[in-house]
Structures are given as C-alpha cells and as structure tokens.
Amino acid sequence: MLHLDVMDGHFVDNLTIGPPVVECVRKATRLHLDVHLMIENPGRYAAEFVRAGANSVSVHYEACRHLDGVLGLIRDAGAMAGVVLNPGTPVAVLEDVLEVADYVLLMSVNPGFGGQKLIPYVLDKVRKLDRMRREKKLALPIEIDGGVHRENLADVVRAGCDWIVTGSAVFHSPDPEATVREMREIAAHANAVQC
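Please read all numbers here as calculations on a predicted model, not as lab measurements.

For the rest of this paragraph, the subject is the packing of aromatic side chains. Applying the stated criterion to the full structure yields one aromatic pair. A ring pair is formed by Tyr103 and Trp163, whose centres lie 5.0 Å apart and whose planes are at 45°; its orientation type is tilted. Separated by 60 residues along the polypeptide, Tyr103 in strand E5 (residues 103-107) and Trp163 in strand E7 (residues 163-165) bring together distant segments of the chain. We note that Tyr103, like Trp163, is buried.

This is the structure in structure tokens:
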C-alpha cells in the first residue's frame, strides 16, 4: 500500500499533491493507493481522487460538515471511505458513524509535516477505538499515521492498529528496503504476541 498525503495549504499549512499526481502514481504501480485528504471541503474533491486511481480515500472529521455524506460519495465513486481524527479529537465522536466508515485513520502527530514524534496518548485512543469496533462487531481497520518507527512499532500494533503509515522512518533510513523488512517482522511478532 502507498499512502499519499494531500495537503491544501489551508486545513494544514503545507501544500502537496493533487489528482494529476495520483493519476501518475496509479500508472506506475498496481499497489493499493491510500489517499489521505488533509484539505478543506474534502467532499468537493474526493471523487476526483478516486477517478485518478485511489483505492481508499480518508477525510478528516474536523473538515467535514456532513461526514456520512462525504463517506457515501467516496464509496459511490468506487473506493473505500475512511475517517481521520486529529490527535486532540476524541474517538467518541465516531460512535454513530463507525458503521458507514470502511476504516479509521488516527493521526499520531498534528498533521501537516513529517518527522514529528508520536504523541503517546494516541495509543490510548487506538485502544478505545479497538474496543468500540469489537463491541460493534465491525471488521474496521485502524490506521495510524505519524511518528511510527522501529522502536515504537510493536506498541502501536499491540494497541490495535492494522495499517501503519511510516514516512521518515523509511525514507531517512540508510537502507529503506531493509527497514521495511525489519518493520514487517516487528509488526508480525507484535501481532503474534498480542493474540
């Protein structure tokens, strides 16, 4: 899976890519493209990213006035629909919308810039969300983004995360391929210990 961060310079300070870049990435790979919209008014653009080749599109709870409607737009366009929560937003806000989401992405840093440290209390949010999905009997993947590296990966997996986004830990490594292999082994072992 490739996680593509889309930033508009408004919802977050940074400015990154749009649908044309996603379309180019789609032409270069068959991997699952997980597009994370850190933008204002995501409902206006979400379907464009699906048409550009996104397999999943996540939108911030904090940016959506009509979250269930935006998730429906994404799903109707043919992609998985995810909800993102910033670190300071409690998982309780998802109580009534979990059934219409395909996955939840918890930001473990304040969004907008790479290289930040994981905010420790987000792991408590992961545990709460994991309990909520089990109580509701939902096969809802929990994704985490921000500050995940080899040293904290096992804790992240044991907390209940299924999809792990890593950027700096891989791209700032002297051997990115070896780092990914090692992180996969750490995650598999942590998952085995959890069960």
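Let us now look at the side chain of Asp34. Turning to its location among the elements, Asp34 is positioned in strand E2 (residues 33-38). Look at Asp34: it is buried, it has no salt bridge, and the nearest opposite charge is Arg26 at 10 Å. Setting aside residues no more than four positions away along its own chain, Asp34 makes contact with Met1, Leu2, His3, Leu4, Ser56, Tyr103 and Glu143.

Rules used in this analysis
Residues numbered from 1 in each chain as written. Predicted model: local features only at pLDDT ≥ 70, side-chain atom pairs only at ≥ 80, totals over all residues. Heavy atoms only, no water. Phe/Tyr/Trp six-rings, centres within 6.5 Å; stacked < 30°, edge-to-face > 60°. Helix = DSSP H or I, 4+ residues; strand = E, 2+ residues; numbered from the N terminus. Buried < 20%, exposed > 50% of the residue type's maximum accessible area, 1.4 Å probe, protein only. Lys, Arg positive; Asp, Glu negative; His and termini not counted. Salt bridge = Lys/Arg side-chain N within 4 Å of Asp/Glu carboxyl O. Contact = heavy atoms within 4.5 Å.

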